[in-house]
Each structure stands twice: as C-alpha cells, then as structure tokens.
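What follows is the residue order along each chain.
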Amino acid sequence: MAKTLTLVLMDPPYEKETTTTGFRIIESALRQGHNVKVFAYEGAVNLTMKDQQPHPNPVKGTTVEQEQHPTTKDWVAALFRMGSGSPKLEWINCGLCVDERGAGNWIEGPRRGGPKELAEWVQATEATLVIPTK
Amino acid sequence: MGKYVLIESRDPFDSADCKNFRDLASGLAKGGNEVAFFLTQNGVLPARRGCAAEGSLAELGRSVSVLADEFALRERGIDADALVEGVRPASIDALIALIMEDGRKALWH
Amino acid sequence: MSKKVLSIVETAYRGTLEEQDDTILWLNHALKNNGLDVAVLLRANAVNYAVRGQDASGLRFGEGALAHPPEIDKDVEALVRKGVKVFLVTEDARERGIPDEKLLPGVEKLGRAQIPSLFQRFDQVWHW
C-alpha cells in the first residue's frame, strides 16, 4: 500500500555521502510506490541550486562532455520526473536557510516553506526520517 | 513493545559514539523491542570479518538483526561472504520497507 | 491527536555563532509553535546546552560584530517555558565534568539505561 515518507535532509552537496544516500532513499521509496516529501534544511537547500555546473577533470584529462560530472540539481530533477504523478515527490527548501545562503535560484519543483509545513507533513505522513549533518 | 530501525552511517574507527548507538540498539532489544540495525556508508566498515571492531558487531548481532547496505559494501570492496558472523547484506529497498512499516521508528546516526 | 516526537540533539555548537541560535533547538521550538508535540533529549556534547552561564559575546571581525550572540542556555529555558519537555543524559554530563549545580533546573535527568523506555512514550524519535 502506498504510504508517504517525510525526509529531512541537512547536508550541502559534495560534502557527505548522506546526500547520495538520501537520494537513494527517495528513489527507492518512489520506485516502491511511496510518496516522498523532502524538507531541505540548512545546507541541503543548496542541493537544488540552478547555477550548478558540471566541470571537466584536469587530472583525468577529460572534457566536460567526457566527464559527465553529476550535479545534485540534475539528480533532484530526475527524482522529480520519477515523482511527477503518483507516487509524488514534494520538496520544500527552508526559506530562512535559503535567504542566509543566497540560494534562492533553484530548479523547477521545490517550493519555499518552513517549520509550519514540516509540522503539517509530520502529522500527515506515515513515517519521518531525519538525516542530520554533523 | 515497539519496532525500530537504527541506521548507522558512522564507523567505530572514526566515531566513539558508535558504541552508544550499539548500546541503544541492545537496550531496546533487551526491553522486548524488535530492532533492525542497518549499516550504511562508512558504517559498513566494521562488518568486514577480521577487522578490529568485529567482536562488538557480532555481539550486537546476537540480539538484533544486523543488516549491511549492499551498495556501501560493494563501494568499499567488502564481499558478502567476508562479513562478520550475523551480519547480512541488504538492499536500500529493504531499508525503505523497514522505515515504511507501520509503527516502526527510524533513527539515523 | 498530535504525534508525539522525541528530538534527540547530539551535535553541539554547530553554526551557532553564525546563526545566533542552535538550528535544531530553534526548529523544534518552531515545530512546537506550529502544533507538533515535541520533546528534546540532550545527549553527547549537546548536554552542554543545559549548562548555565553560557556567554558567546564579544565576537568581532573588523567592523563586523556579532550583535546577538547565541544564548543556548536561555533558549533551552525558553523551550521548557513553552511546555517542551527537555531531558538530559546524566552519564554524558558526568563524562564531560559538568557538575549538577551548573545544570538548568527545568531539565529532567535520566540515565542511558532509561532511554529505551523513554522512546516508548513517543510516536517518532529523531536523532539530530
């Protein structure tokens, strides 16, 4: 039976394996038919920043095209395509966290929110997992 | 009694707090709760047979179900047949099934 | 009926000077304001949040001053006043040499062995 998972993420991109573990959790939950609501808190609001760009790899001597360097915003966009209908992916970027980081230019999909929305999600969903940062 | 999934992303070589998280799992099990202990990220490092920390994980495995993230194992070159006794490889899908189980509380460490 | 959530706070002084708050205590206070029934368990280094007399004033970088330094002990007291139950792990305080008389009076002390039974009182347990 389809249920809904509220997932709180905190780590910024390119720092911890928790980012990709979080994405694996979202992907698996969606694939298994569950809805996912992501609350991006603190550094995690940077995961969806639109200005992220892939880069070449001078050590390996690869170009941008050859390297196909992943960006977290592209991965999140792919997760949004998975969760565009039923099951559904929703994503809130904590507004105050966005403001203090100047991280307001993000890809299509996430919306701005705060503790009010998180409290509502926790009440309304079957499970909540918090993945904190250290 | 309750059901829990404790997700361990840290390893005892880096974090002294791992012992407290294992003790929490044992304490919950001793209290009659059903506990799954899911190792992921560097949390799978002590699951390699022969490592200095294997005793504590094997001991934990006697009271709770200890699972190790298949991807994290493969990522670190730890073969499924080289795991500490009592540790079983498990997929991320299995973790989701646990998290989404009615009434099971999920904690990340 | 509101879900009952226990928020375990482990990490201490993470970004508290930049934020002028501990962001996890802050979030839990905001969740309480929004109707969620939260309680807080301070463990590991975060037991120091219950120590009276914290003072992070005086930080200045050239002309840039920290106008409102964090006052985590007062934030813990504010949580208690708000009706949030705040617990603290006694062994963690003892290991860090924190004497009982330095701890805030509104914080309830419990031993590590009591944590599993504490969990039973909550629908969800979050570990920050």
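How each quantity is defined
Residues numbered from 1 in each chain as written. Chains lettered and ligands numbered in written order. Predicted model: local features only at pLDDT ≥ 70, side-chain atom pairs only at ≥ 80, totals over all residues. Heavy atoms only, no water. Helix = DSSP H or I, 4+ residues; strand = E, 2+ residues; numbered from the N terminus. Rg over C-alpha atoms; globule rule 2.2 N^0.38 Å. Buried < 20%, exposed > 50% of the residue type's maximum accessible area, 1.4 Å probe, protein only. Contact = heavy atoms within 4.5 Å. Areas by Shrake-Rupley, 256 points an atom, 1.4 Å probe, with all protein chains shown as cover. Pairing = 2+ DSSP bridges. Axes fitted to C-alpha atoms, helices over the stretch in contact; angles between N-to-C directions. Salt bridge = Lys/Arg side-chain N within 4 Å of Asp/Glu carboxyl O.

Caption draft 1: Representation of the overall build of chain C. Along the backbone of chain C there are five helices and seven strands. The N-to-C order of helical and strand elements in chain C reads β-α-α-β-β-β-α-β-α-β-α-β. Against the 2.2 N^0.38 benchmark of 14 Å for 128 residues, chain C shows a C-alpha radius of gyration of 15 Å, consistent with a compact globule. Counting the 128 residues in chain C, one finds 50% classified as buried. Counted over contacts in chain C with a minimum sequence separation of 6, partners at least 24 positions apart contribute 73%. If you sum the accessible surface of chain C, you get close to 6000 Å²; carbon and sulfur atoms cover 47% of it.

Caption draft 2: The sheet that holds strand β1 (residues 4-9) of chain A, seen in detail. Residue and element names in this part refer to chain A. Spatially, β4-β3-β2-β1-β5 is the arrangement adopted by the five strands of the open sheet, whose pairing is parallel. Looking at which strands have only one partner, the edges of the open sheet turn out to be β4 (111-113) and β5 (127-131). Ignoring which end each strand starts from, the neighbouring axes of this sheet average 25° apart. Both strand β3 (residues 89-94) and β4 contribute to a ladder of three bridges, which runs parallel. In the sheet register, C94 faces β4, and the bridge partner there is G113. Of the strands in this sheet, β1, β2 (35-40), β3, β4 and β5 touch helix α5 (residues 115-124), which is tilted by about 150° from β2.

Caption draft 3: Region of the structure containing the sheet that holds strand β7 (residues 124-127) of chain C. Residues and elements named next belong to chain C. Strand order in this open sheet of five strands is β6-β5-β2-β1-β7, and the pairing throughout is parallel. Either end of the sheet is taken by a strand with one partner, and the two such strands are β6 (108-110) and β7. The sheet shows a mean angle of 25° between the axes of neighbouring strands, taken without regard to direction. Sheet analysis places strand β1 (residues 4-9) next to β7, joined by four bridges and oriented parallel.

Caption draft 4: Structural context of the pattern of salt bridges. Throughout the structure, instances matching the rule amount to 28 salt bridges over all chains. The residue D102 of chain B makes a salt bridge to K3 of chain A at a minimum N-O spacing of 2.7 Å. Note that D102 of chain B is positioned in the loop between α4 (92-99) and β5 (104-108) and K3 of chain A in the segment before β1, a pairing that runs across two chains. Between D99 of chain A and R112 of chain A there is a salt bridge, with its nearest N and O atoms 2.8 Å apart.

Caption draft 5: Unusual backbone geometry, seen in detail. With an omega of 5°, the peptide bond running from S86 of chain A to P87 of chain A counts as cis. Secondary-structure assignment places P87 of chain A in the loop between α3 (72-82) and β3. Of note in the backbone geometry, Q20 of chain C takes a positive phi value of approximately 60° without being a glycine. Within the secondary structure, Q20 of chain C is located in the loop between α1 (16-19) and α2 (23-33). The class for Q20 of chain C is partly exposed, based on a relative accessible area of 28%. Unusually for a residue other than glycine, A44 of chain C sits at a positive phi of about 50°. Locating A44 of chain C in the fold gives a position in the loop between β2 (37-42) and β3 (60-61). With relative accessibility at 7%, the residue A44 of chain C sits in the buried group.

Caption draft 6: Molecular detail of the environment of V47 of chain C. All names here are of chain C. With respect to the helices and strands, V47 occurs in the loop between β2 and β3. For V47, a relative accessible area of 0% gives the class buried. The sequence separation of V47 and F122 amounts to 75 residues, and the corresponding C-alpha distance is 21 Å. Residues in contact with V47, not counting those within four places in the same chain, are L42, L88, V89, D92, A93, R96 and I98.

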